[in-house]
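Structure assessment
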Amino acid sequence: MADVTLREVTKVFPGGATAVDRVDLEIDNGELLVLVGPSGSGKTTVLRLTAGLEELTDGEIRIGGRVVNDVHPMDRDIAMVFQNYALYPHMTVAENIGFGLKLRGMKKRDVAERVQRTAETLGLSDLLKRKPAQLSGGQRQRVAMGRAIVRDPAAFLMDEPLSNLDAKLRVQMRTEIQRLQHELGTTTMYVTHDQVEAMTMGDRVAVMRDGHLVQVDTPQVLYDRPTDLFVAGFIGSPAMNFVRARLEASNGTVVASFGSNRLELPVRALPPALTSDQLQDVIIGLRPEHLELALNGSNGKAVLRAPVTLAEPVGAQVIVHLDVDTLQLTEQGGDFCACLDSRRICSRGETLTLAVDPATLHFFDPETETALR
């Protein structure tokens with residue numbers, strides 16, 4: 001086990017395209033850190049630079065305190081798990097798992113013992129004589145994990161290992177990878193474009209955009225205190241709603257006006273960066289799950305009204321899309337919606353009165369798109 005440190009890591013491809021721009025990142029010994037971001041954000045390039053599969057343009061990478069900039073991938077003491085499993089089709093499960101040990105010149109008996117132990121950990125003991133074509137997608141992913149685990153590396157590097165699995169199996173394998181990583185205590189860099197996967201798996205999550213690290217923190221902090229509009233819109237499902245509002249003082253309160261709606265907010269709900277005597281245009285973020293039906297008055301909560309355009313039942317909840325005057329500001333798309341109890345039948349065209357706790361609102365500077373604290 002070892003920590004992994006990236007300092008000012010930069011990758012510029014031929015032609016001048018900067019894929020990774022001065023990334024600083026520390027992964028603690030035994031930590032599972034997830035790199036997440038949209039396609040083209042640079043997350044896979046960071047992983048490949050760490051593995052030695054791409055050549056650094058600038059910066060420094062350390063694994064276990066050792067600078068590995070010029071160290072061959074085979075000598076970095078890391079193990080990779082790929083999206084496409086990368087199994088040898090002509091080899092059995094046992095041969096695939098033990099292949100790396102065989103290359104190292106380990107004795108056949110020792111290889112067999114370690115393969116058997118790893119197979120037991122992953123529930124593959126009955127499949128050791130099969131070939132990849134005889135396995136399901138989940139079983140192949142377990143074999144790929146076994147090939148990494150058996151080497152007992154200093155760090156695991158996982159590049160979207162679950163993206164080829166169906167939704168149910170992905171959830172199962174997410175749990176399996178977390179369990180194994182915690183049991184083994186191996187430092188892990190895990191890349192995904194799926195923010196739900198990132199939030200459920202990572203001890204910490206690093207959000208990337210356009211080659212830059214935007215925010216690195218625990219999943220809960222990313223959800224509660226996003227550093228800017230991009231992180232706020234990227235983290236959470238459904239995505240956060242955004243409205244461009246004008247703040248005005250009114251009878252000891254503050255009114256946030258957008259379109260036909262006027263949210264009355266107590267002054268204490270404003271972040272210190274906004275004060276009642278220095279009001280301005282802001283972007284307000286409202287998470288769909290923080291909106292609720294105002295059945296018996298607002299009870300001190302801010303209220304907005306909007307007609308229903310679409311209702312999507314999803315089991316215990318219904319995602320209700322609303323016709324609200326908004327300015328869509330995130331790259332993720334989508335519209336204004338609320339997550340309500342599925343027992344509430346919502347009809348298209350019906351006007352709902354929704355309440356939101358002012359303490360759950362997020363405020364952003366419309367110029368810089370940074371969070372206002």
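One structure accompanies this document, and this report is about it. (Residues numbered from 1 in each chain as written. Predicted model: local features only at pLDDT ≥ 70, side-chain atom pairs only at ≥ 80, totals over all residues. Heavy atoms only, no water.)

Attention shifts here to the pairing of strand E11 (residues 241-250). Strand direction decides the pairing type here: E11 and strand E14 (residues 281-286), joined by six bridges, are antiparallel. Directly across from Phe242, in E14, lies its bridge partner Gly285. Across five bridges, the pairing between E11 and strand E12 (residues 253-258) is antiparallel. Its bridge partner lying in E12, Ala249 is registered against Val254. The turn linking E11 back onto E12 is made up of two residues, and Asn251 within it adopts a positive phi angle of 55°. (Pairing = 2+ DSSP bridges. Helix = DSSP H or I, 4+ residues; strand = E, 2+ residues; numbered from the N terminus.)

Their axes nearest at 9 Å, the elements helix H2 (residues 93-103) and helix H3 (residues 108-122) cross at an angle of 130°. Considered as vectors, H2 and H3 are oriented oblique to each other. As H2 packs across H3, the resulting crossing turns out to be right-handed. Within the contact between the two elements, H2 uses Ala94, Ile97, Gly98, Leu101 and Lys102 and H3 uses Val111, Arg114, Val115 and Thr118. Here the contact of H2 with H3 is built from residues that sort into five nonpolar, two polar and two charged. (Axes fitted to C-alpha atoms, helices over the stretch in contact; angles between N-to-C directions. Parallel < 35°, antiparallel > 145°, perpendicular 65-115°, else oblique. Left-handed = near helix turned anticlockwise from the far one by under 90°. Contact = heavy atoms within 4.5 Å. Nonpolar A, V, L, I, M, F, W, Y, C, P; charged D, E, K, R; others polar.)

Glancing now at the packing of aromatic side chains. For the structure shown, the criterion picks out three aromatic pairs. With a centroid separation of 5.7 Å and 20° between ring planes, the pair formed by Phe230 and Phe234 is classed as stacked. Taken together, the residues Phe230 and Phe234, both in helix H8 (residues 229-234) and four residues apart, mark about one turn of the helix. Of the residues examined, Phe230 reaches a relative accessible area of 5% and is grouped as buried. Here the guanidinium or amino end of Arg287 rests over the ring plane of Tyr223, the centre of that ring lying 4.1 Å away. (Phe/Tyr/Trp six-rings, centres within 6.5 Å; stacked < 30°, edge-to-face > 60°. Buried < 20%, exposed > 50% of the residue type's maximum accessible area, 1.4 Å probe, protein only. Lys NZ or Arg CZ within 6 Å of the ring centre and 35° of its normal.)

Within soluble globular proteins, side chains that are nonpolar tend to cluster in buried spots. Core analysis: the biggest nonpolar cluster contains 44 residues, and Ile97, Met145, Tyr190, Val207 and Ile235 have the highest contact counts within it. Looking at this core, the element that brings in the most residues is helix H4 (residues 137-149), giving five residues. With sequence-adjacent residues up to four places away left out, Val207 is seen in contact with Val36, His212, Leu213, Val214, Gln215, Leu222, Phe230, Val231 and Ile235. With 33 residues, the next largest nonpolar core counts Ala256, Leu270, Leu286 and Leu322 among its residues. (Core = buried A, V, L, I, M, F, W, Y, C linked by side-chain atoms within 4.5 Å.)

Of note, the bond from Ser237 into Pro238 is cis; its omega dihedral lies within 30 degrees of zero at 0°. The phi dihedral of Tyr85 is positive, around 70°, even though this residue is not glycine. Relative to the elements of secondary structure, Tyr85 occurs in the loop between strand E6 (78-81) and H2. Note on Tyr85: relative accessible area 9%, which makes it buried. Of note in this structure, Glu369 is not a glycine but carries a positive phi near 65°.

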